[in-house]
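Geometric and topological summary
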Amino acid sequence: MTDTVTEITILADSNIASLDEFFTATMLGQATEQTVNIIKVAGRDINAQLLAELQPTILLIRSVTSVNEALLADNESVEFVGSATIGTDHVDQDYLAARNITFANAAGCSKHSVAQYVLTAILTLRPQYWQPSTTLSMPSSMPSSMPSSMPSSMPSSMTSSMTSSMPPLTLGIIGLGNIGSTLAQYATALGWQVLGYDPLLHPSDTNNASFEQVLSQSDVVSLHVPLTDKKAAAGQSFQSSNGSDYPTRHLINAEALAMMSPHTMLINSARGPVVNASDLEADIERNERQVVLDVFEHEPEISEGLLAKLAIATPHIAGYTVEGKLRGTQIIYDALCEKLAVAPVQSMQKLLPINMFLWSELKAHPDRLIKFYDIMQDDASLRSQAVDGQVNGADFDQLRRDYHLRREWQF
């Protein structure tokens, strides 16, 4: 930051957790004559006009704000952009680098939260795959924020009748970054088989299958990829900053769905446009496939027609836990402190309330899943917003703003 600045102005998405606890003059190591002015607005209201008017030094966002040349064309003040999200497809990092604007995102902040969401969805819809006789100790590489699940609707007589003689679930994971690799560890701990596909990583015990094998051989397929487009051909004038040799936009289309057994469940908690919504609707009508969506191609608007066909639908809250949100704030706070050349003094551990949601309890009493996470309540909340054939964007965003944050399950 420039030495002459006596006031740091921060423009921030109001949905970022604990802004006032992290981004103060004291927490940012500012001298007594300097002040920090934080302006909080809804993420979708952060636009070029606001950036031009306020000329903030720091911009803190989430995934609903696209940061690119159009947003910053009339702004000359921003020196740091922090996104309290794992994903970065909403940020033109090449443009920021050309402007010498520092960028940081919260890689890995909600990986446990999302993994637990996926497990809850699977075991709510298919409780037979909870196998209490399986040894469920977690791998030593797992941090102390562990997971897994099962529906409250399952009577104890059903859980006691389950045995390990039932073939384990085969979980297909497409994308083995922070979230996908964490989910794979959880699945392995549950005694499930994992088929993983990530063309950007070297083959491994987890990255062990082709795209076609994951789709055709899994009982459940869970998507954990960023949203990327096809790289522009050499000589083309326009080059997208998120171009890839392995584009994921509409990765799951009619052709991909045709590779899957009608009995294979599909879960998308990554980015909505990874799945072609119209192809998905046609597939569900034809095959009665169980589909779980936390993200939607045309989000924040959702058609009631699609909603009615889904087994579970939630308003982009898979990563919405107290721990996940605070971790996201912590990571971009730490990055800003590095930019300011000051030592971080705030810690999310000081802000966390006591967590009584223990994996050991859930392992011993799987019928208590609803106490740990009632995913069907989130489903009902989203469906209740459908009016005149769709959930409108304002109502979708309001559900996210008002969401009662879950707790991560501790190991």
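As a starting point, this report considers the structure included with it. For clarity, every value in this text was computed on a predicted model and none was experimentally measured. (Residues numbered from 1 in each chain as written. Predicted model: local features only at pLDDT ≥ 70, side-chain atom pairs only at ≥ 80, totals over all residues. Heavy atoms only, no water.)

Thoughts on empty space enclosed by the protein
We apply this condition: With a 1 Å grid laid over protein atoms only, a set of points is called a cavity when a 1.4 Å probe fits there but cannot get out and a pocket when it is open yet has protein on both sides within 12 Å along at least five of seven lines; lining residues have an atom within 4 Å of a point. Grid points are joined across faces, edges and corners, and a volume is the space filled by probe spheres set on the points. Here the term charged refers only to Asp, Glu, Lys and Arg, the term nonpolar to Ala, Val, Leu, Ile, Met, Phe, Trp, Tyr, Cys and Pro, and the term polar to all other amino acids, Gly among them.
Enumeration over the complete set of coordinates arrives at 2 cavities of 30 Å³ or more. In terms of lining, the largest cavity is formed by Gly272, Val275, Ala277, Leu280, Leu293, Val295, Phe296, Glu297 and Leu306. A breakdown of the residues in the lining of the largest cavity according to their chemical character gives 7 nonpolar, 1 polar and 1 charged. What the second largest cavity holds in volume is close to 30 Å³.

A word on the sheet that holds strand E8 (residues 220-223)
Note the following rule: Only when DSSP finds a minimum of two bridges between them are two strands counted as paired. Secondary structure elements are taken from DSSP: a helix is a run of H or I of four residues or more, a strand is a run of E of two residues or more, and numbering for both begins at the N terminus. Residue contacts are counted whenever heavy atoms from the two residues lie within 4.5 Å of one another. Axis lines are fitted to C-alpha atoms, over the contacting stretch for helices. Their N-to-C directions set the angle, which ranges from 0 to 180 degrees.
Read across the open sheet, the 6 strands follow the order E7-E6-E8-E11-E12-E14; overall the sheet is parallel. On the outer flanks of this sheet lie strand E7 (193-197) and strand E14 (312-313), each paired with one strand and no other. Packing of helix H7 (residues 178-189) onto the sheet brings it into contact with strand E6 (170-174), E7 and E8, and relative to E6 it is tilted by some 170°.

A word on helix H16 (residues 393-401)
Our working rule: Exposure categories follow from relative accessible area, calculated using a 1.4 Å probe and restricted to protein chains: below 20% of the type maximum is buried, above 50% is exposed, and the middle band is partly exposed. The reported arc concerns the directions from the helix axis to the C-beta atoms and nothing else. Polar contacts, as used here, are pairs of N or O atoms within 3.5 Å; protein pairs need one atom able to donate a hydrogen and one able to accept it. Residues neighboring in sequence count only if both atoms are side-chain atoms.
Listed as buried for H16 are Gly393, Phe396, Asp397, Leu399 and Arg400. Around the axis of H16, the buried residues are gathered within 155° of arc, so they sit on the same side. In this fold, the buried residues of H16 make contact with strand E13 (302-303), helix H15 (375-383) and strand E15 (390-391). Structurally, the start of H16 carries an N-cap: the backbone nitrogen of Ala394 is 3.1 Å from a side-chain oxygen of Asn392.

Quick word on a nonpolar patch on the surface
So the rule is basically this: Any residue with relative accessible area above 30% and no salt bridge may belong to a patch, with like charges joined within 9 Å and the nonpolar Val, Leu, Ile, Met, Phe, Trp and Tyr side chains within 5 Å. Exposure was quantified through the Shrake-Rupley algorithm and a 1.4 Å probe, taking into account, for residues, occlusion by the shown protein chains and nothing else. The term salt bridge refers to a side-chain nitrogen of Lys or Arg lying within 4 Å of a carboxyl oxygen of Asp or Glu.
Nonpolar side chains collect at one region of the surface, where Leu200, Leu201 and Tyr246 lie side by side and expose about 320 Å² of accessible area between them. By the secondary structure assignment, Tyr246 is in the loop between strand E10 (243-244) and helix H9 (254-258). Look at Tyr246 and you get partly exposed, because its relative accessible area is 42%.

Section: the pattern of salt bridges
With the rule as written, the count across this model stands at 12 salt bridges. Across the pair Glu323 and Arg407 runs a salt bridge, and its minimum N-O distance is 2.7 Å. On the criterion of sequence distance, the pair formed by Glu323 in helix H12 (residues 322-340) and Arg407 in the segment after H16 is long-range, its members being 84 residues apart. By the burial criterion, Glu323 is buried, and Arg407 matches it. Between Lys371 and Glu361 there is a salt bridge; the shortest N-O distance is 2.9 Å. Of this pair, Lys371 sits in helix H14 (residues 369-372) while Glu361 is found in helix H13 (residues 359-364), placing the two residues 10 residues apart along the sequence. A residue is classified by how much of its surface remains accessible, and Lys371, at 47% relative accessible area, is partly exposed.

Structural notes on the nonpolar core
Just so we agree on the cut-off: Put simply, a nonpolar core is a bunch of buried Ala, Val, Leu, Ile, Met, Phe, Trp, Tyr and Cys residues held in one set by side-chain atoms that sit within 4.5 Å of each other.
If you look at the biggest cluster of nonpolar residues, it comprises 38 residues, and the most contacted ones within it are Tyr117, Ile122, Leu171, Trp192 and Ile267. Contributions of two or more residues to this core are made by helix H5 (111-125), E6, H7, strand E11 (265-268), H13 and H14. The element best represented in this core is H5, accounting for 8 residues.

Regarding unusual backbone geometry
In this model, Glu299 is joined to Pro300 through a cis peptide bond whose omega is 15°. Inspection of the secondary structure assignment puts Pro300 in the loop between strand E12 (291-293) and E13. For Gln55, which is not glycine, the phi dihedral falls at a positive 45°. With respect to the secondary-structure elements, Gln55 resides in the loop between helix H2 (48-54) and strand E3 (58-61). Residue classification places Gln55 among the partly exposed positions, given a relative accessible area of 30%. A positive phi angle, close to 55°, is found at Glu288, a residue other than glycine. Positionally, Glu288 belongs in the loop between helix H10 (277-287) and E12. Using a relative accessible area of 68% as the deciding quantity, one classes Glu288 as exposed.

A closer look at the packing of aromatic side chains
The condition that has to hold: Classification of ring pairs rests on two measures: the distance between centres of Phe, Tyr or Trp rings, Trp counted by its six-membered ring, which must be within 6.5 Å, and the angle between planes, read as stacked under 30 degrees, edge-to-face over 60 and tilted in between. Note on criteria: charge over ring means Lys NZ or Arg CZ within 6 Å of the ring centre, with the direction from the centre no more than 35 degrees off the ring normal.
Scanning the model with the defined rule gives 9 aromatic pairs in all. With a centroid separation of 6.3 Å and 90° between ring planes, the pair formed by Phe296 and Phe396 is classed as edge-to-face. Taken together, the positions of Phe296 in the loop between E12 and E13 and Phe396 in helix H16 put the pair 100 residues apart, joining distant regions of the chain. For Phe296, a relative accessible area of 3% corresponds to the buried category. Three or more aromatic residues joined by ring pairs form one cluster here, namely Phe22, Phe23 and Tyr333. The ring of Tyr320 has Lys325 sitting right over it, with the charged end atom 4.3 Å from the ring centre. Here the basic side chain of Arg406 rests over the ring of Tyr373, its NZ or CZ set 4.2 Å away from the ring centre.

Focus: the sheet that holds strand E2 (residues 35-41)
Sheet architecture is open: 5 strands sit in the order E2-E1-E3-E4-E5, paired in parallel fashion. A strand with exactly one partner marks an edge of an open sheet, and here the two such strands are E2 and strand E5 (102-105). Here the strands of the sheet are splayed against their neighbours by 15° on average, with no regard to which way each runs. As judged from the 4 bridges shared by E3 and strand E4 (residues 80-83), these two strands associate in the parallel manner. Looking at E4, one finds that Leu59 is bridged to Val81. Here H12 sits on the sheet in contact with strand E1 (7-13), E3, E4 and E5, set at roughly 165° to E4.

Some words on the environment of Thr321
Residue placement: Thr321 occurs in the loop between E14 and H12. By relative accessible area, Thr321 is classed as buried at 1%. Taking the C-alpha atoms as reference points, Thr321 and Leu405, separated by 84 residues in sequence, lie 4.8 Å from one another. Ignoring any residue separated from it by four or fewer positions in sequence, one finds Thr321 in contact with Ser113, Leu405, Arg406, Arg407 and Glu408. At 2.8 Å, the side chain of Thr321 and the backbone nitrogen of Gly324 are in polar contact.

On their own, these measurements won't tell you what the molecule is for.
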